[in-house]
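# Commentary on secondary and tertiary structure
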Amino acid sequence: MRTVYLNGDYLPENEASVSIFDRGFLMADGVYEVTSVLDGKLIDFDGHAVRLQRSLGALDMQNPISKEDLLEVHRELVRLNEIEEGMIYLQITRGAPNDRDFVFPDPDTTKPTIVLFTQNKPGLADNPAAQKGMKVISINDIRWGRRDIKTVQLLYPSMGKMMAKKAGADDAWMIEDGFVTEGTSNNAYIVKGNKIITRALSNDILHGITRAAVLRFAREAQMEVEERNFTIEEAKEADEAFITSASTFVMPVVQIDDAVLGQGVPGRVAPRLREIYLDESRKAAI
Ligand code: PMP
């Protein structure tokens, strides 16, 4: 059984419970982060901690924990649950006033709820899917306008994954005004020649922590990066495509709807970026 963290306590997972009045439960009034673990160490912890603070700030929500303590909790959960490869899920909600009300509760009397738990995923880095590549379908992006805030409001992404599953695909890319925004739980990229193309940062997409690292490594490796909108048609004619996220790192995409990219197997750029990302991230892990 897992040991989880809830509001300052380490508890067996079946003893950790949250109020029915918690605003995360009633209103999706909460934010989250997912940090991956390789070799028992945290990947990009700093980036996730910074983005968490940004999400909380954007929602005028208090941060119940300092960055130092947060690191300590992550490390303690890794230790207690003996995680070599996997993820740590963190969620902070606006807490549980003793009723349901649209108005934010007074932060002096209603404290945020903070939960962390581990997900053990042996073989996360050695994922066979990286050899094969993924198939994605395109769906309309009907999410709200602040996708840069990492809220727990994941119903549409969840529905998108189900649409993909039903279509025999692995994931969905979302389209707005003809342009790809991002994947249901990842950032989206195409490759043309030697150029890596991905949508620029704005409120339209989540500012991926893996995205930032991968683009930095790509530029350091003298690869050309263009941050701009691309259409789904352009994507279907690309040489390669891939996604990035904390739990998939860099994952090649070999098919978009009915369009097979290149030879229908991962190309040169995405696997190379995956290798660089994994190498560099392991080196920098804490
Ligand atoms: N976009 C969306 C919509 C996501 O949910 C995620 C992962 N949570 C990402 C992008 C990738 O972000 P990161 O690299 O920080 O995991």
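The structure displayed is predicted, hence computed values, not measured ones. (Residues numbered from 1 in each chain as written. Predicted model: local features only at pLDDT ≥ 70, side-chain atom pairs only at ≥ 80, totals over all residues. Heavy atoms only, no water.)

A few words on the overall build of the protein chain. When helices and strands are tallied, the protein chain shows 8 helices and 15 strands. Against the globule reference of 19 Å for 286 residues, the protein chain gives a C-alpha radius of gyration of 19 Å, in line with a compact fold. Along the first, second and third principal axes, the C-alpha set of the protein chain runs to 55 × 40 × 35 Å. Across the 286 residues that make up the protein chain, the buried fraction comes to 51%. Summarising the internal contacts of the protein chain: among those between residues at least 6 apart in sequence, 72% fall at separations of at least 24. Positive and negative side-chain charges of the protein chain, numbering 34 and 44 respectively, have mean locations separated by a distance of 3 Å. (Helix = DSSP H or I, 4+ residues; strand = E, 2+ residues; numbered from the N terminus. Rg over C-alpha atoms; globule rule 2.2 N^0.38 Å. Buried < 20%, exposed > 50% of the residue type's maximum accessible area, 1.4 Å probe, protein only. Contact = heavy atoms within 4.5 Å. Lys, Arg positive; Asp, Glu negative; His and termini not counted. Charge placed at Lys NZ, Arg CZ, Asp CG, Glu CD.)

Counting residues in hydrophobic clusters, the biggest one holds 29 residues, and the most contacted among them are Ile-196, Met-223, Phe-242, Phe-249, Leu-273 and Tyr-277. It is helix 8 (residues 269–284) that contributes the most residues to this core, 6 residues altogether. Formed jointly, this core draws a minimum of three residues from each of two domains, domain 1 (3–120) and domain 2 (129–284). Setting aside residues no more than four positions away along its own chain, Tyr-277 makes contact with Ile-43, Asp-44, Thr-210, Ala-213, Val-214, Phe-217, Phe-249 and Val-250. (Core = buried A, V, L, I, M, F, W, Y, C linked by side-chain atoms within 4.5 Å. Domains from an automatic or database assignment.)

Another aspect to go through is the packing of helix 2 (residues 45–58) against helix 3 (residues 67–80). Interhelical geometry of helix 2 versus helix 3 gives an angle of 125° and a closest axis separation of 11 Å. For the element pair helix 2 / helix 3, the angle class is oblique. Here helix 2 and helix 3 pass one another in a crossing that is right-handed. Residues Phe-45, Asp-46, Ala-49, Val-50 and Leu-52 of helix 2 form the contact with helix 3, whose participating residues are Lys-67, Leu-70, Leu-71 and His-74. Across the contact of helix 2 with helix 3, the residue classes tally to 6 nonpolar, 1 polar and 2 charged. (Axes fitted to C-alpha atoms, helices over the stretch in contact; angles between N-to-C directions. Parallel < 35°, antiparallel > 145°, perpendicular 65-115°, else oblique. Left-handed = near helix turned anticlockwise from the far one by under 90°. Nonpolar A, V, L, I, M, F, W, Y, C, P; charged D, E, K, R; others polar.)

On to the sheet that holds strand 2 (residues 9–12). Read across the open sheet, the 6 strands follow the order 2-1-6-5-3-4; overall the sheet is antiparallel. Each having just a single partner strand, strand 2 and strand 4 (41–42) make up the two edges of the open sheet. Two strands pair when backbone bridges link them, and strand 3 (residues 30–38) and strand 4 are joined in this way by 2 bridges, in the antiparallel orientation. Its bridge partner being in strand 4, Val-37 is matched across the sheet by Leu-42. Strands in contact with helix 2 are strand 3, strand 4 and strand 5 (86–93); relative to strand 3, the strand with the most contacts, it is inclined by about 180°. (Pairing = 2+ DSSP bridges.)

Quick look at the packing of helix 6 (residues 209–220) against helix 8 now. It is at 10 Å that the axes of helix 6 and helix 8 come closest, and there the two elements cross at 105°. In terms of orientation, helix 6 and helix 8 fall into the roughly perpendicular class. Listed contacts from helix 8 to Thr-210, Ala-213, Val-214, Phe-217 and Ala-218 of helix 6 are Leu-273, Ile-276, Tyr-277, Glu-280 and Ser-281. Looking at side-chain class alone, the contact of helix 6 with helix 8 contains 7 nonpolar, 2 polar and 1 charged residues.

The next point concerns the domain arrangement of the protein chain. Domains assigned within the protein chain are domain 1 (3–120) and domain 2 (129–284). With centres defined by C-alpha atoms, the gap from domain 1 to domain 2 works out at 26 Å. Across the boundary between the two partners, domain 1 contributes 22 residues, which contact 20 residues of domain 2. When the two sides are added together, the surface that domain 1 and domain 2 hide from each other amounts to roughly 1,900 Å², 62% of it contributed by carbon and sulfur. (Buried area = accessible area lost by both parts, 1.4 Å probe.)

Moving on: the pairing of strand 1 (residues 3–6). Both faces of strand 1 are covered, namely the face carrying Thr-3 and Tyr-5 and the face carrying Val-4 and Leu-6. In the sheet, strand 1 pairs with strand 2 via 4 bridges, with the strands oriented antiparallel. Among the inter-strand pairings, Thr-3 is bridged to a residue of strand 2, identified as Pro-12. Taking the residues between adjacent antiparallel strands as the criterion, strand 1 and strand 2 are bridged by 2 residues, where Asn-7 takes a positive phi near 45°. Relative to strand 6 (residues 113–120), strand 1 runs antiparallel, the two being bridged by 2 bridges. Note on strand 6: the bridge partner recorded for Tyr-5 is Leu-116.

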